Amino acid sequence: MKAAVIGRTGPADELTYADVELPQTGPHDIRVKTAFAAVNPVDIWTRRGIPGVDLTFPAVLGWDVAGTVDAVGSEVTRFRVGDRVMGMVKQMTRLQGTYAEFVSAPHQLFAPLPAGLSLETAAAAPLTVLTSAQLLSNLHLPDRAKVLVTGAAGAVGRVTVQRLIQAGHEVSGLARATDHDDLASLGVRTVYPSGADIPSQAFDAVIDTAGVPQTISNVRDGGEFLSITDNEQPEPERAITPRKNYVEEDGPQLAAIAEQLADGTLTVPVCRTYPLSDAAAAHAAFEQGGLRGKLLLAL
Ligand SMILES: NC(=O)c1ccc[n+]([C@@H]2O[C@H](COP(=O)([O-])OP(=O)(O)OC[C@H]3O[C@@H](n4cnc5c(N)ncnc54)[C@H](OP(=O)(O)O)[C@@H]3O)[C@@H](O)[C@H]2O)c1
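Since this is a predicted model, take the numbers as computed values, not measurements.

To continue, consider the domain arrangement of the protein. By the assigned domains, the protein splits into domain 1 (2–128 + 249–298) and domain 2 (139–244). Its C-alpha centre places domain 1 at a distance of 28 Å from the equivalent point of domain 2. The partner domain 2 presents 10 residues to the 10 residues of domain 1 that form the contact. Interface area lost by domain 1 to domain 2 is led by Thr128, Leu266 and Arg292, which between them contribute 55%. Applying the counting rule to domain 1 against domain 2 returns one salt bridge. A salt bridge links aspartate 179 to arginine 292; its shortest N-O distance comes to 2.8 Å. Across the domain 1-domain 2 interface, the total number found is five residue pairs in polar contact (both at pLDDT 80 or more). In terms of residue class, the side of domain 1 that touches domain 2 is built from four nonpolar, four polar and two charged.

A side chain of one charge can pair with a side chain of the opposite charge if their charged atoms are brought near each other. A full pass over the atoms with the stated rule returns 14 salt bridges. A salt bridge links aspartate 204 to arginine 220, with the nearest nitrogen and oxygen atoms 2.6 Å apart. Of this pair, aspartate 204 sits in strand E12 (residues 203–208) while arginine 220 sits in strand E13 (residues 219–227), and the two are 16 residues apart along the sequence. Residue classification places aspartate 204 among the buried residues on the basis of a relative accessible area of 15%.

The subject of this paragraph is the environment of alanine 38. Within the secondary structure, alanine 38 is located in strand E3 (residues 29–39). Separated by 26 residues in sequence, alanine 38 and aspartate 64 have C-alpha atoms that sit 5.4 Å apart. Leave out the neighbours within four places in its chain, and alanine 38 touches Asp43, Asp64, Tyr99, Ala123, Ala124, Lys294, Leu295 and Leu296.

On to the sheet that holds strand E1 (residues 2–6). Reading across from one edge, E2-E1-E4 is the order of the three strands in this open sheet, with antiparallel pairing throughout. Either end of the sheet is taken by a strand with one partner, and the two such strands are strand E2 (15–19) and strand E4 (59–60). The sheet contact formed by E1 and E2 spans five bridges and is antiparallel. Bridge pairing in E2 links valine 5 to threonine 16.

Turning to the packing of aromatic side chains, a few remarks are in order. Given two aromatic rings, one states the distance between the centres and the angle between the planes to describe the pair. Applying the stated rule across the entire model yields zero aromatic pairs. Lying across the ring of phenylalanine 102, arginine 31 places its NZ or CZ 5.4 Å from the centre.

Take the sheet that holds strand E9 (residues 146–150) next. Read across the open sheet, the six strands follow the order E11-E10-E9-E12-E13-E14; overall the sheet is parallel. Looking at which strands have only one partner, the edges of the open sheet turn out to be strand E11 (190–192) and strand E14 (243–244). Here five bridges tie E9 to strand E10 (residues 170–174), and the two strands are oriented parallel to one another. Note that in E10 the partner of leucine 148 across the bridge is serine 172.

Next up on the list: the pairing of strand E5 (residues 64–72). Across seven bridges, E3 lies against E5 in antiparallel orientation. Each bridged residue has a counterpart across the sheet, and for threonine 34 the counterpart in E5 is glycine 67. Pairing analysis gives five bridges linking E5 to strand E6 (residues 84–88), with the strands arranged antiparallel. Residue pairing in the sheet places glycine 67 in a bridge with valine 85 of E6.

Residue proline 58 follows phenylalanine 57 across a cis peptide bond; omega there is -5 degrees. In the Ramachandran plot, leucine 95 falls in the positive-phi region, its phi being about 55 degrees despite a non-glycine side chain. Considering the arrangement of structural elements, one finds leucine 95 in the loop between helix H2 (91–94) and strand E7 (102–106). Look at arginine 238: it is not a glycine, yet its phi comes out positive at around 45 degrees. In this structure, arginine 238 sits in the loop between E13 and E14. With a relative accessible area of 26%, arginine 238 lands in the partly exposed category.

The next point concerns the nonpolar core. Phe36, Met86, Leu117, Val129, Leu261 and Val268 are the most contacted members of the largest nonpolar core, which totals 29 residues. At the level of secondary structure, the elements contributing two or more residues to this core comprise E3, E6, helix H3 (119–124), helix H4 (126–137), helix H7 (251–262) and strand E16 (294–298).

The rules behind these values
Residues numbered from 1 in each chain as written. Predicted model: local features only at pLDDT ≥ 70, side-chain atom pairs only at ≥ 80, totals over all residues. Heavy atoms only, no water. Domains from an automatic or database assignment. Contact = heavy atoms within 4.5 Å. Buried area = accessible area lost by both parts, 1.4 Å probe. Salt bridge = Lys/Arg side-chain N within 4 Å of Asp/Glu carboxyl O. Polar contact = N/O pair within 3.5 Å; in protein donor to acceptor, adjacent residues only side chain to side chain. Nonpolar A, V, L, I, M, F, W, Y, C, P; charged D, E, K, R; others polar. Helix = DSSP H or I, 4+ residues; strand = E, 2+ residues; numbered from the N terminus. Buried < 20%, exposed > 50% of the residue type's maximum accessible area, 1.4 Å probe, protein only. Pairing = 2+ DSSP bridges. Phe/Tyr/Trp six-rings, centres within 6.5 Å; stacked < 30°, edge-to-face > 60°. Lys NZ or Arg CZ within 6 Å of the ring centre and 35° of its normal. Core = buried A, V, L, I, M, F, W, Y, C linked by side-chain atoms within 4.5 Å.

Have a look at this one:
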């Protein structure tokens, strides 16, 4: 099958379009014929090389996928050939990625797509929305909490903002000035273009998706600081213990997310789609920064 692979870690042009072996489909697996994969920051870090993560080369990158079931393992009853599905495969531990014509993985990592949910949105959403859902379930917010989201217009930030507002919280964001109108339209109360403008000790919680550890100073005494980035964590202070959250595979949670995407409760915009054969260009564009919306790779 065709896949976008790296032969070693390095810059975007290490990504090439090559023939690799079709993955085996075990008794509890499904094999998905990929329609779209998404580009996520973790794919960029993995391509560049993450200390402690050993890849087997050539390595297929990618965590997010949407497509059509092409084969089912002998023990799988949840899916049939032809079903449309979305999934998140933790590439760095499974040593199998989604930038490929076919993806085989345990059926528990996938969710069926409701009618009305496009394969594009289904591919754009899994890692981003699972991250957001899981980090929020790790917070203990009071009713109508005041929450600051850094990187509020980014992929995870924007979904997190939507969920918090729907839950009745008062949300502010650290984001570029150009993101003000989009975030205001989602119901974000105040958009701060600079950390210096944010009132100190004013929030019950800060959710840091942009890697701005100094925003711990914006948390009230005893509040929460939760980061998802690999930037350095702030030191504990004023009864605030900084924590990190890492996304986990979860097909059942994805099924609930698929319903929210289908009924419009959550939106995950797509900004550009590249052919899988041009994954190197997609990575280069991602690294230039400033994109709003997910980048997809199409087969
Ligand atoms: N722990 C986990 O399981 C997990 C899961 C998903 C993502 N992550 C990590 O979380 C981070 C966010 O992921 P993502 O997919 O949401 O990335 P993203 O779409 O690139 O979003 C990051 C956002 O933060 C903004 N930003 C960065 N620095 C800023 C600053 N100083 N002030 C205002 N805005 C700033 C960026 O704006 P510009 O584009 O203008 O710079 C962008 O809008 C990444 O580091 C990613 O690796 C971790």
